[in-house]
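Below are the chains, spelled out letter by letter.
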Amino acid sequence: MRKRWIAAASIILIMGSMMTSMAAEEKIQGEGESQQASVSDWQWQEDSGGWKYVNTVGEFRKNRWEEINGYWYYFDNEGYMASDWTRIGGMNYCFSETGELQLGWCYNDDEEKWHYYNEDGTAQKGWYQEKNGSWYWFSTKGEMASSGYKNVAGKRYYFFDNGQMAANQYVGLFYMDENGLRNKEFDISIDGKKTSASVSSEVKDAFTEAAKNIPRDWIRKFIDQGWEIIYYPGKKYFSAPMTESGIYYVCYKLDTNYKKIKICQAEELTAAFGEYIGYASGCYGSTSQDATDLLMSRDSVEDFLYIPDYFSDDMRFYFGKLVAAYVGSSYTRGEMEEEAPRVTEILKRILYT
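Note that the coordinates shown come from a computational prediction; the quantities given were computed from them, not determined experimentally.

Conventions used here
- Residues take numbers from 1 onward in each chain, read along the sequence in its written order.
- Residues qualify for local features only when their pLDDT is at least 70, as the model is predicted, and side-chain atom pairs are given and counted only at 80 or more; totals for whole chains, interfaces and linings, by contrast, use all residues.
- The basis for every side-chain value is the complete set of heavy atoms in the structure, and neither hydrogens nor water enter the calculation.
- Each helix corresponds to a stretch of at least 4 residues labelled H or I by DSSP, and each strand to a stretch of at least 2 residues labelled E; elements are numbered beginning at the N terminus.
- A simple rule labels every residue: compare its accessible area, found with a 1.4 Å probe on the protein chains alone, to the largest value its type can have, and call it buried under 20%, exposed over 50%, or partly exposed in between.
- Here a residue-residue contact requires only that any non-hydrogen atoms of the pair lie within 4.5 Å.
- Throughout, the Shrake-Rupley method with a 1.4 Å probe supplies accessible areas, and for residues the shown protein chains are the sole cover considered.
- If DSSP finds at least two bridges between two strands, the strands pair.
- Between the rings of Phe, Tyr and Trp (Trp by its six-membered ring), a pair exists once the centres lie within 6.5 Å; its type follows the angle of the planes, with under 30 degrees stacked, over 60 edge-to-face, and the other angles tilted.
- Charge over a ring is defined by NZ of Lys or CZ of Arg lying within 6 Å of the ring centre and within 35 degrees of the ring normal.
- What we call a nonpolar core is a set of buried Ala, Val, Leu, Ile, Met, Phe, Trp, Tyr and Cys residues that are connected through their side-chain atoms within 4.5 Å.
- Whenever two N or O atoms come within 3.5 Å, that pair is a polar contact, provided that in protein one can donate a hydrogen and the other can accept it, and provided that, for residues adjacent in sequence, both atoms are side-chain atoms.

Draft legend 1. Expanded view of the overall build of the protein. Along the protein, the regular secondary structure elements total seven helices and 21 strands. Evaluated residue by residue, the protein yields a buried proportion of 47% over its 353 residues. Relative to all contacts within the protein whose residues are 6 or more apart in sequence, the contacts with residues 24 or more apart total 51%. With an accessible surface of roughly 18700 Å², the protein has 45% of that area assigned to carbon and sulfur atoms.

Draft legend 2. Spotlight on the pairing of strand 17 (residues 228–231). With two bridges joining them, strand 16 (residues 189–190) and strand 17 adopt parallel strand pairing. Across the sheet, residue Ile-190 finds its bridge partner in strand 17, namely Tyr-231. As judged from the four bridges shared by strand 17 and strand 21 (residues 260–263), these two strands associate in the parallel manner. Looking across to strand 21, one finds that Glu-228 is bridged to Lys-260.

Draft legend 3. Structural context of the packing of aromatic side chains. In total, this model carries 42 aromatic pairs according to the counting rule given. On the basis of an interplanar angle of 50 degrees and a centroid distance of 6.4 Å, the ring pair of Trp-85 and Tyr-117 is categorised as tilted. Here Trp-85, found in strand 6 (residues 84–88), pairs with Tyr-117, found in strand 9 (residues 113–117); they are 32 residues apart in sequence, far enough to count as distant. Tyr-117 matches Trp-85 in its accessibility class, with the two residues each being buried. Three or more aromatic residues link up through ring pairs in this structure, and these residues are Trp-105, Tyr-107, Trp-114, Tyr-116, Tyr-128, Tyr-136 and Phe-138. Between the NZ or CZ atom of Lys-52 and the centre of the ring of Phe-60, over which it lies, the distance is 4.3 Å. Its guanidinium or amino end placed over the ring of Tyr-318, Arg-298 lies 5.7 Å from that ring's centre, counting from NZ or CZ.

Draft legend 4. Structural view of the nonpolar core. Tyr-170, Phe-222, Phe-273, Tyr-276, Phe-319, Leu-322 and Leu-347 are the most contacted members of the largest nonpolar core, which has 54 residues in total. With nine residues, helix 5 (residues 315–328) is the single largest residue contributor to this core. Beyond its immediate stretch of four places on either side in the chain, Leu-322 contacts Leu-294, Val-301, Leu-305, Met-336, Val-343 and Leu-347. With 15 residues, the next largest nonpolar core counts Trp-72, Trp-85, Leu-101 and Ala-123 among its residues.

Draft legend 5. Examining the side chain of Lys-321 more closely. Among the structural elements, Lys-321 can be located in helix 5. Not counting residues up to four positions away in its chain, the partners in contact with Lys-321 are Tyr-248, Tyr-252, Glu-268, Ala-271, Leu-305 and Ile-307.

Draft legend 6. Molecular detail of the environment of Ser-189. Structurally, Ser-189 is set in strand 16. Residues Ser-189 and Tyr-232, spaced 43 residues apart in sequence, show a C-alpha to C-alpha distance of 8.8 Å. When near neighbours in sequence (up to four residues on either side) are disregarded, Ser-189 contacts Glu-228, Ile-229, Ile-230 and Tyr-231. Within the structure, Ser-189 has its side chain in polar contact with the side chain of Glu-228 (distance 3.5 Å).

Spelled out as structure tokens, the structure:
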């Protein structure tokens, strides 16, 4: 079995600390069973079946958990050390090739499922919140929910491919509030008295994809300030200026008078929302130092976004495309931070603080 181990953080258990709970469906280690192994009496021994932990008279640990030099190991009923993915007490646990129990995030290639193991070694079940505020949900088997809707305790939540619950985000045409529940009042409206059922799944998926990396704090601010998004399925574009490369079709419009983002191509939502962020943060004012610095540094990001000559002096258009490029993928973000540190420093401050 092939195993990938991805740690959310490097966790080193303090030597001598005692685990009182290593539970999955039942206690892994009974009351009073835990004891620290003496290195002088117990040693590792390998044979054709694997590794055992034996003492000087040939006794070995079996069918139990054992803490050795600050790490936890499991030995089966024949005394062999567990490695890779091992099922114990109805739960799958992740071990390194040298037998140490792995903590944090683990991906099981065979199941194609993520798991999370707490500092006490127990598999996470139910709701889990990371330090950045993101929520995840795990089944009774410790499997992370992802890629779609999930009913939990009678309520319907949406989870992205990475397992994060949608909160202060758009999923298709629906707005999911800070608790992960749909709030119809703030859904994306459809022009022409059409219902969400009339919109194709491809368009809805495109809205979800375009919105998922927009900072959630900005989406909440957008809602709190009384803005809304209107989708125009019957439109092809909002403007079509002639550029050096031909006609350029602009498929969204930021209406600051009526506080609306008007859009006809779902894929453009990220850039459209970027324009709103620039407006709400004051980047378009004539005295904005951020705007001046971003325009002066535009050459450093020319490999990451296309700005037609028609929009060469349009700060609003430039900022929207800049945001879309930066939040679009972690790879592009990393490249931009390396090639254009001044630009990305400004973006990070505006987007995330």
